[in-house]
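Listed here are the chains, written in short residue letters.
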Amino acid sequence: MKFDFKKFNIEYKANLTSFKKPNVIKIWVARPLNEASQKITDFKISFNKKLEYKDTKENKILYFQFRDQKNINFNFSFSVTINKRSEILIKKDYFSQINIPSEIKKKFTKNEKYLEQTDDLKRIVLKILDEKENIFEKIIAFQNFLKNNFKYSYPVKNRGVKNLNLKNLKGDCGEAGALFVTMCRIAKIPAINNTGFVIYHDELNNIYEHGWTSIYINKLGWVEIDPLAENIKKNNNQYIYEQNNYLLTVTKGFNIPLKPVIPKNHKLDYWNKLGLPLTYNSAQVLQPLVFSSLEKVKLKDSIKIIL
């Protein structure tokens, strides 16, 4: 097993411009997570927090409110050390799912919004698996299905597995991840979506928005899988896990609750036009910010690596 630790200094900037006054702007920001694969240090934000809460997936959300400000410059910076696990030779005792904790199985194989386990998809999964017994054969089969059938397309008008055309699969990384997670869950493999950013191993000065997944493997715990990247391969009857890129997790899972909820008189047009689902009480993802406003607002944001 090979571990590769690397530290990055990240800066995120957002400018929100109001078109009319008076206006009320509410902002929810996901604070990047500390977890096994990454360590966040030196987190600094340009405003004092008004509220911080955790959701059921342990995401850390900061909430702010602004009144009658035409321009809001909202910035934060942090350092992150990312542990990139690669070149893992998978042993036979990883194959069994018997010892996976029951609470993980129950929570991360369930049907939920945007990860709908439709009857049509269940039939496809059953056909793909076709007597494949160990978890890694199943994952490779799902990876191959996406590789051969899924075409990248952005923007996405209607998100969620139930809205996918299973005979003509199109979407972005988020939709590919949603489909992969749902297929895993149908196969009783615990899986969750991750949202954040990727730093490619051969392009260390740039950072990009990205969505990927994690699956729970006996004796390994949560292992990051980029559905279109073929992280698990079979060679001479041996299974090898490879993850060549640095993945920075901001939030885990979909359906991130918003506290307080968005007032009914606030506009959601900005997010609806982008095809990023936002309701009055939850967001599909936070990457890393969503806002609501009484009047129309323009958002301009950027994220970069500080060298």
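Starting afresh in each chain, residues are numbered from 1 along the sequence in its written order. Under the rules for a predicted model, residues below a pLDDT of 70 receive no local features and side-chain atom pairs below 80 are neither given nor counted, while totals for whole chains, interfaces and linings still include all residues. Note that the side-chain values use all heavy atoms of the structure and ignore hydrogens as well as water.

Enquirer: Whenever I open this one, the packing of helix α3 (residues 135–149) against helix α4 (residues 173–186) confuses me. Can you help?
Expert: Helix-helix packing: each pair is described by the crossing angle between the helix axes and the interaxial distance. Each axis is a line fitted through C-alpha atoms, taken for helices only over the stretch in contact, and angles between the N-to-C directions span 0 to 180 degrees. Secondary structure elements are defined from DSSP: runs of H or I of at least 4 residues count as helices, runs of E of at least 2 residues count as strands, and each element is numbered from the N terminus. At their nearest, the axes of α3 and α4 sit 11 Å apart, and the two run at 145 degrees to each other. Between α3 and α4 lies a crossing whose hand is right-handed. Across from I139, F142, Q143, F145 and L146 in α3, the residues of α4 making contact are A176, L179, F180, M183 and C184. Residues belonging to the contact of α3 with α4 are distributed by class as follows: 9 nonpolar, 1 polar and no charged. Should the near helix be turned anticlockwise from the far one by less than a right angle, the crossing is left-handed, and should it be turned clockwise, the crossing is right-handed. Contact between two residues is taken to exist if any of their heavy atoms lie within 4.5 Å; hydrogens are not considered. Classification convention: Asp, Glu, Lys, Arg as charged; Ala, Val, Leu, Ile, Met, Phe, Trp, Tyr, Cys, Pro as nonpolar; all other residues, Gly among them, as polar.

Enquirer: Is there a simple way to explain the nonpolar core in this structure?
Expert: Generally speaking, a soluble globular protein has its nonpolar side chains buried in company with each other. In this structure, I10, L16, I27, F74, L248 and L289 are the most contacted members of the largest nonpolar core, which totals 45 residues. The biggest single contributor to this core is strand β6 (residues 71–86), with 6 residues. Excluding anything up to four places from it in sequence, L248 contacts I10, Q38, I40, F78, V80, I82, T195, G196, F197, I207 and W212. We call a set of buried residues a nonpolar core when its members are Ala, Val, Leu, Ile, Met, Phe, Trp, Tyr or Cys and they connect through side-chain atoms within 4.5 Å of each other. Exposed residues in this analysis have more than 50% of their type's maximum accessible area, buried residues have under 20%, and partly exposed residues fall in between, with area computed by a 1.4 Å probe over protein chains only. Membership of the second largest hydrophobic core comes to 42 residues, among which are I128, L129, M183 and I215.

Enquirer: What is the right way to read the layout of surface pockets from this model?
Expert: Unfilled space is identified by rolling a water-sized probe across the atoms. For the largest pocket, the calculated volume is near 570 Å³. Using protein atoms alone on a 1 Å grid, points that fit a 1.4 Å probe yet trap it form a cavity, whereas open point sets bounded by protein on both sides within 12 Å along at least five of seven lines form a pocket; residues with an atom within 4 Å of a point count as lining. What lines the largest pocket is a set of 30 residues, and nearest its centre among them are Y154, E209, L276, V285 and Q287. Contributing elements (two or more residues each) for the lining of the largest pocket: α4, β10 (191–199), β11 (208–217), α5 (269–274), β18 (289–293) and β19 (297–305). Top element by residues in the lining of the largest pocket is β11. It accounts for 4 residues. Grid points are joined across faces, edges and corners, and a volume is the space filled by probe spheres set on the points. Size it by volume and the second largest pocket reaches roughly 450 Å³. If you trace the second largest pocket, you find 23 residues lining it, with E35, A36, S37, W222 and K252 closest to the centre. Elements with a contribution of two residues or more to the lining of the second largest pocket: β6, β12 (221–225) and β15 (246–252).

Enquirer: I keep staring at the sheet that holds β18 and nothing clicks. Help me out?
Expert: By definition, the strands of a sheet pair up through backbone hydrogen bonds, in either a parallel or an antiparallel sense. Read from one edge to the other, the open sheet built from 4 strands follows the order β4-β5-β2-β18, with strand pairing classed as antiparallel. Every other strand in the sheet has two partners, leaving β4 (51–54) and β18 as the edge strands with one partner each. If you compare each strand with its neighbour and ignore which way they point, the axes differ by 20 degrees on average. Alignment of strand β2 (residues 24–31) against β18, held across 5 bridges, turns out to be antiparallel. Pairing of I25 across the sheet is with S293, part of β18. At least two DSSP bridges between two strands are required for those strands to pair.

Enquirer: Would you mind showing me how to read the sheet that holds strand β7 (residues 88–90) here?
Expert: Strand order in this open sheet of 3 strands is β7-β14-β13, and the pairing throughout is antiparallel. Looking at the sheet topology across the chains shown, the edges are occupied by β7 and β13 (232–235). Averaged over all pairs of adjacent strands, the angle between strand axes in this sheet comes to 35 degrees, irrespective of strand direction. Here β13 pairs with strand β14 (residues 238–241) via 4 bridges, running antiparallel. Looking at the pairing, K233 lines up with I240 of β14.

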